[in-house]
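Observations on chain architecture
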Amino acid sequence: MIIPHDQLARDTLLNLIEEFVTRDGTDYGETEVGLSDRVAQVEAKLNSGEVVILFSQNTGLCNIVYRNTL
């Protein structure tokens, strides 16, 4: 189920994005990118519709995925 990011409380959205960008295995290439920059990048992609928040009713977990992969 897609969760509209604009219907989440600001703190909830930021916590979700921060959790996503700090997961093990997240790779930003050769250059180190700060947390605030990574959060801003994901938030911009959410605002543009490039990525969406996906909630799994089976697992109870949220993930941020590219819309075109659905």
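Now for a quick tour of the structure. The structure presented is a predicted model; accordingly, all values stated were derived computationally and were not measured. (Residues numbered from 1 in each chain as written. Predicted model: local features only at pLDDT ≥ 70, side-chain atom pairs only at ≥ 80, totals over all residues. Heavy atoms only, no water.)

End to end, helix H2 (residues 35–48) covers 20 Å across 14 residues, agreeing with the expected 20 Å (1.5 Å per residue, within 8%). Of all the positions in H2, only Arg-38, Val-39, Val-42, Glu-43 and Leu-46 are classed as buried. With its buried residues spanning 130° around the axis, H2 presents them on a single face. Structural note: H2 exposes Ser-36, Asn-47 and Ser-48 on the side pointing more than 90 degrees away from its buried face. Gly-49 lies just past H2 and shows a positive phi near 90°. (Helix = DSSP H or I, 4+ residues; strand = E, 2+ residues; numbered from the N terminus. Expected span 1.5 Å × (residues − 1). Buried < 20%, exposed > 50% of the residue type's maximum accessible area, 1.4 Å probe, protein only. Arc of directions from axis to C-beta.)

A sheet is described by the order of its strands in space; here 3 strands give the open sequence E1-E2-E3, paired in antiparallel fashion. Two strands close off the open sheet at either side, each with one partner strand: strand E1 (2–3) and strand E3 (62–66). Packed on one face of the sheet, helix H1 (residues 10–21) meets strand E2 (51–55) and E3 and runs near 75° to E3. Packed on one face of the sheet, H2 meets E2 and E3 and runs near 90° to E2. (Pairing = 2+ DSSP bridges. Contact = heavy atoms within 4.5 Å. Axes fitted to C-alpha atoms, helices over the stretch in contact; angles between N-to-C directions.)

With that out of the way, let us pick up the pattern of salt bridges. Per the counting criterion, the structure on display carries 2 salt bridges. Arg-23 serves as the salt-bridge partner of Glu-19, at 2.9 Å between the closest nitrogen and oxygen. The class of Glu-19 is partly exposed, set by a relative accessible area of 39%. (Salt bridge = Lys/Arg side-chain N within 4 Å of Asp/Glu carboxyl O.)

All right, on to the packing of H1 against H2 then. Axis separation between H1 and H2 bottoms out at 9 Å; the angle between their running directions is 115°. The angle between the axes of H1 and H2 places the two elements in the roughly perpendicular class. Note that H1 runs across H2; the crossing there is right-handed. Residue-level contacts link Arg-10, Leu-13, Leu-14, Ile-17, Glu-18, Phe-20 and Val-21 of H1 to Leu-35, Arg-38, Val-39, Val-42, Glu-43 and Leu-46 of H2. The class makeup of the residues in the contact of H1 with H2 is 9 nonpolar, no polar and 4 charged. (Parallel < 35°, antiparallel > 145°, perpendicular 65-115°, else oblique. Left-handed = near helix turned anticlockwise from the far one by under 90°. Nonpolar A, V, L, I, M, F, W, Y, C, P; charged D, E, K, R; others polar.)

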